[in-house]
Amino acid sequence: METPQQRLERETREVEQALRGLFAMQLDDGQLRQGVEQLGTRWAFPGLIALWGPGLYYRNRTVFRPFILARFPQFTFDTSVRPQSVFKGPSAELFEKWLQDVDRAGDVELFRRLYRLQLQDLSWAEGHKRWLADLQSRYGAASTRAQRQGVLNQFDLYFELDEPTAINLYIADSVVSRGFILEHLPGIRWIDFGRRSPWQKLSALARERGDEALAFDIYRRQVPEETWKRDVLALGDTLQEPGALVEALEQRHPAYWLRDAATPFLELARERGRDVVPYLLRHIRNVRQPWGPFNRSFSQLVELAREREWLDLWSALMRTSAAPKTYNSEMLGLLQRSPLPEGEVRRRLLLLTGVGREANFPGLGLAQVQPLEDDTAVLLYERFPDLVRGPFLRHVSSGWSGTYPKLTARALSLEDAPLVDFLASRVALQDLSYVYLKQSSPWTGVIEQLSAFYESLLQRSPDAFAFRAANVLGKMPAFAIRDYGALVRSNRLARLFFERAHAHYAADARAIRDLLESPQIHVQALAFRVLARDDERARALAARNVDLLQATLLRPLHRKTRVMALGALRNAIRDEAAARQLAGHIRDAMDLPDRRYPKEVLLGLLADLLHRWPKLRGPSEQPVVYGGAA
């Protein structure tokens, strides 16, 4: 049996042989480009750049440069899959020439990648030293601003500058070098560890030249936290005008995460009062309630904001920085012990709702909301039920923080349909197959409560159940189901909604449309299954929702889910208007390059459509009957 190492070596040899064969053939540029693009999908191809990179570049730089950049390697190796530098051995002379030619041609991106490969032969310290030396020599030799900018673009790698080099760059051209210096500035991690000192000389030089912006940029990125604390407290003593004080504080606020922002914030608030609240609110996310009891700055800052009626600061600290227990304690204080009028209590409660922190990435957003404890939620529900159904709804979302058995029981007893449906939409997502949840837990009781309620509703009124269950499923967020099989096996409520009662959803046309528009893909798949059933009601509903179903032909879907969707479309094409609307989209889907697309099912769907509605056939889709000569 072939070992992984043997397989890698075999595939590398195959790529090498194929490359040598391609270059030996008399091919034009287009044919050669097509051949190397096919080979470029093999994992070993980029690492063998010595066999193809210079050859393609010198053959036709215009045609092959995009391909070279797209397949440029992070590291190189020989045909035995051993690391091999292209700037050593037989290819060294050719790659040195290539680097020089790329440099003369002004190809910044390709120069940077080749230069990075050259530095990989050195240790990190030696590579850093070489980079600094090359940067200074080339930058000093540049005679125009455009040339200096070109040098900085070429050497925009992952290394950090040292202060003498940064000063030389700044003296030569402060305008061009400013952004490069800030991008390659040593971070606070080295300064905090005592490995380096903040750049005092460059900051002083920038101030001498009137470049306060650069001086403050360096300060914000490099100032040690203790130094910053002393500086901002000194500002509170010296600057009396509130606007000037806030501006000065902003200019000096560190550009990194602070370990203890609450202490200087507390001192500033005590000394200057409301003057510094705008600054504190802008940087409230730097404040975190400490775990231990030794640092009381956060709790004192909360008390100060409450005593002085700085409700904006108080509520921001609670939403953003407080621990869940502190948040719930503050809620209980308002609900149980506050002497304030009812309207003022409501106003302050509303200030405590909403997202505290958030993080957004391409295709993904995360938000932190303070969870209410079950007892706190029940107390709030008894006094202000509309707040629980409204602004506080996200604060009673069952999840990592636990569930709400008491609130669920109370909402069921009061027949509060909106709240019950929301709680069910979160409880039905809980997978109980994990070991630590196999024993009796609060989740088990809540699931049994809600399952009994919805099962009873199904027996009493299937139509009402379909409406309520679709409402529950429509509230499920996207990407919340990790393992569908484990969920329906272990969660009785999920099993009821997704498996046991799926035939009843066809009783309500609104419910089907809600399921199709759900952000949760497993809910959409449930709708596909309902619409694919072999009955007249499902066929009529599929035709009515063809505007939503047609998107499943071209959107990304797993194969199994797409087969379900194609089953629903097969019912939809029983209607001529729906078939006419779908015919072009089905033909377009046949041309998709997705290898996992169930084309055989799609072809059957198209054949069924054309057989049922001959008027929709194109010229090439007409049947041809061959017979003998008359």
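Scroll up a little and you will see the structure.
**Quick look at the overall build of the protein**
When you go through the protein residue by residue, the secondary structure sums to 36 helices and 2 strands. Against the globule reference of 25 Å for 630 residues, the protein gives a C-alpha radius of gyration of 34 Å, more extended than a compact globule. Along the three orthogonal principal directions, the C-alpha set of the protein runs to about 105 × 85 × 50 Å. Counting all 630 residues of the protein, 46% fall into the buried class. Residue pairs at least 24 apart in sequence account for 71% of intrachain contacts in the protein once pairs closer than 6 positions are excluded. Here the protein has roughly 31,900 Å² of accessible surface; of this, 53% comes from carbon and sulfur atoms.

**Considerations on the pattern of salt bridges**
Taken as a whole and assessed by the stated rule, the structure comprises 54 salt bridges. The partner of R347 in a salt bridge is E344, with the nearest N and O atoms 3.0 Å apart. On the criterion of helical spacing, the pair formed by R347 and E344 is a turn pair, its members being 3 residues apart in helix α21 (residues 342-351). Judged by relative accessible area, R347 falls into the partly exposed class, the value being 42%. Two residues, R492 and E455, come together in a salt bridge whose shortest N-O distance is 2.5 Å. With a gap of 37 residues between them, R492 in helix α29 (residues 492-500) and E455 in helix α26 (residues 442-460) connect regions that are remote in the sequence. Of the residues examined, E455 reaches a relative accessible area of 15% and is grouped as buried. Residues joined by salt bridges that share partners form a network here, namely R178, D211, D217 and R220.

**Some details on the packing of aromatic side chains**
Using the criterion set out here, one finds 23 aromatic pairs in the structure. Aromatic pair F95 and W98: ring centres 5.4 Å apart, planes at 65 degrees, arrangement edge-to-face. Of this pair, F95 and W98 are both found in helix α5 (residues 92-105), 3 residues apart, which corresponds to roughly one turn of the helix. Among the residues examined, F95 registers a relative accessible area of 0% and is labelled buried. Ring geometry for F111 versus Y115: centroids 5.7 Å apart, planes at 10 degrees, classification stacked. Of this pair, F111 and Y115 both sit in helix α6 (residues 108-119), 4 residues apart, which is roughly one turn of the helix. Grouping aromatic residues by their ring pairs yields a cluster made of Y57, Y58, F87, F95 and W98. Looking at R207, its charged tip hangs above the ring of F216, at a distance of 5.4 Å from the centre.

**Some details on the environment of R595**
With respect to the element layout, R595 can be found in the loop between α35 (576-590) and α36 (599-612). Here R595 falls in the exposed class, since its relative accessible area comes to 84%.

**Overview of the nonpolar core**
Generally speaking, nonpolar side chains in soluble globular proteins are found buried as a group. Grouped together as the largest cluster of nonpolar side chains are 128 residues, with contacts concentrated most on L349, L380, Y454, F497 and F498. The greatest single-element share of this core, amounting to 7 residues, is contributed by α26.

**So, a nonpolar patch on the surface**
A contiguous nonpolar surface patch, about 290 Å² in accessible area, is contributed by F361, L364 and L366. The residue F361 is located in strand β1 (residues 357-361) in this model.

**Re the environment of S398**
With respect to the helices and strands, the residue S398 is situated in the loop between α23 (385-389) and α24 (405-413). The sequence separation of S398 and F422 amounts to 24 residues, and the corresponding C-alpha distance is 9.7 Å. Among residues more than four places away in sequence, those in contact with S398 are T403, Y404, R426, V427 and W443. A polar side-chain atom of S398 sits 3.1 Å from a polar atom in the side chain of T403.

**Description of the pairing of strand β2 (residues 364-368)**
Pairing analysis gives 5 bridges linking β1 to β2, with the strands arranged antiparallel. The residue bridging A359 from the neighbouring strand is L366, located in β2. Counted along the chain from β1 to the antiparallel partner β2, the turn is 2 residues long, and its residue G363 has a positive phi close to 80 degrees.

**Re the environment of K97**
Structurally, the position occupied by K97 is in helix α5. The sequence separation of K97 and L487 amounts to 390 residues, and the corresponding C-alpha distance is 61 Å. One polar contact links K97 to Y58, side chain to side chain, over a distance of 3.4 Å.

**Focus on the side chain of E16**
With respect to the helices and strands, the residue E16 is situated in helix α1 (residues 4-24). Excluding its chain neighbours within four sequence positions, the residues that come into contact with E16 are L48, L51 and T79.

**Concerning helix α9 (residues 163-172)**
E163, T165, A166, I167, L169 and Y170 are the residues of α9 that are buried. Among the structural elements, α7 (124-141), α10 (174-183), α12 (200-208) and α13 (212-222) are those in contact with the buried residues of α9.

**So, the packing of helix α8 (residues 145-154) against α10**
For the pair α8 and α10, the least separation of the axes is 9 Å and the interaxial angle reads 10 degrees. Comparing their axes, α10 and α8 come out roughly parallel. Crossing of α8 against α10: the hand is right-handed. Where α8 abuts α10, its residues R145, R148, Q149 and L152 lie against V175, V176, S177 and F180. Grouping the amino acids of the contact of α8 with α10 by side-chain chemistry returns 4 nonpolar, 2 polar and 2 charged.

**A closer look at unusual backbone geometry**
Positive phi, normally seen in glycine, also occurs at E309, with a value near 65 degrees. Mapped onto the secondary structure, E309 falls in the loop between α18 (297-307) and α19 (311-320). Accessibility expressed as a relative area gives 44% for E309, which makes it partly exposed. Its identity is not glycine, yet F479 carries a phi of approximately 60 degrees, on the positive side. On the secondary structure map, F479 appears in the loop between α27 (462-474) and α28 (484-490). Classification of F479 by relative accessible area gives exposed; the value is 77%.

**Considerations on helix α15 (residues 242-252)**
Along α15, the residues that are buried comprise L245, V246, A248, L249 and R252. Each buried residue of α15 lies within a common arc of 165 degrees when the element is viewed along its axis, so the set occupies one face. Contacts made by the buried residues of α15 are with α13, α14 (225-238), α16 (262-272) and α17 (277-282). For α15, the N-terminal capping position is held by E241, with its side-chain oxygen 3.0 Å away from the main-chain nitrogen of G243.

Criteria and cut-off values
- Residues numbered from 1 in each chain as written.
- Predicted model: local features only at pLDDT ≥ 70, side-chain atom pairs only at ≥ 80, totals over all residues.
- Heavy atoms only, no water.
- Helix = DSSP H or I, 4+ residues; strand = E, 2+ residues; numbered from the N terminus.
- Rg over C-alpha atoms; globule rule 2.2 N^0.38 Å.
- Buried < 20%, exposed > 50% of the residue type's maximum accessible area, 1.4 Å probe, protein only.
- Contact = heavy atoms within 4.5 Å.
- Areas by Shrake-Rupley, 256 points an atom, 1.4 Å probe, with all protein chains shown as cover.
- Salt bridge = Lys/Arg side-chain N within 4 Å of Asp/Glu carboxyl O.
- Phe/Tyr/Trp six-rings, centres within 6.5 Å; stacked < 30°, edge-to-face > 60°.
- Lys NZ or Arg CZ within 6 Å of the ring centre and 35° of its normal.
- Core = buried A, V, L, I, M, F, W, Y, C linked by side-chain atoms within 4.5 Å.
- Patch = residues over 30% accessible without salt bridge, like charges linked within 9 Å, V, L, I, M, F, W, Y side chains within 5 Å.
- Polar contact = N/O pair within 3.5 Å; in protein donor to acceptor, adjacent residues only side chain to side chain.
- Pairing = 2+ DSSP bridges.
- Axes fitted to C-alpha atoms, helices over the stretch in contact; angles between N-to-C directions.
- Parallel < 35°, antiparallel > 145°, perpendicular 65-115°, else oblique.
- Left-handed = near helix turned anticlockwise from the far one by under 90°.
- Nonpolar A, V, L, I, M, F, W, Y, C, P; charged D, E, K, R; others polar.
- Arc of directions from axis to C-beta.

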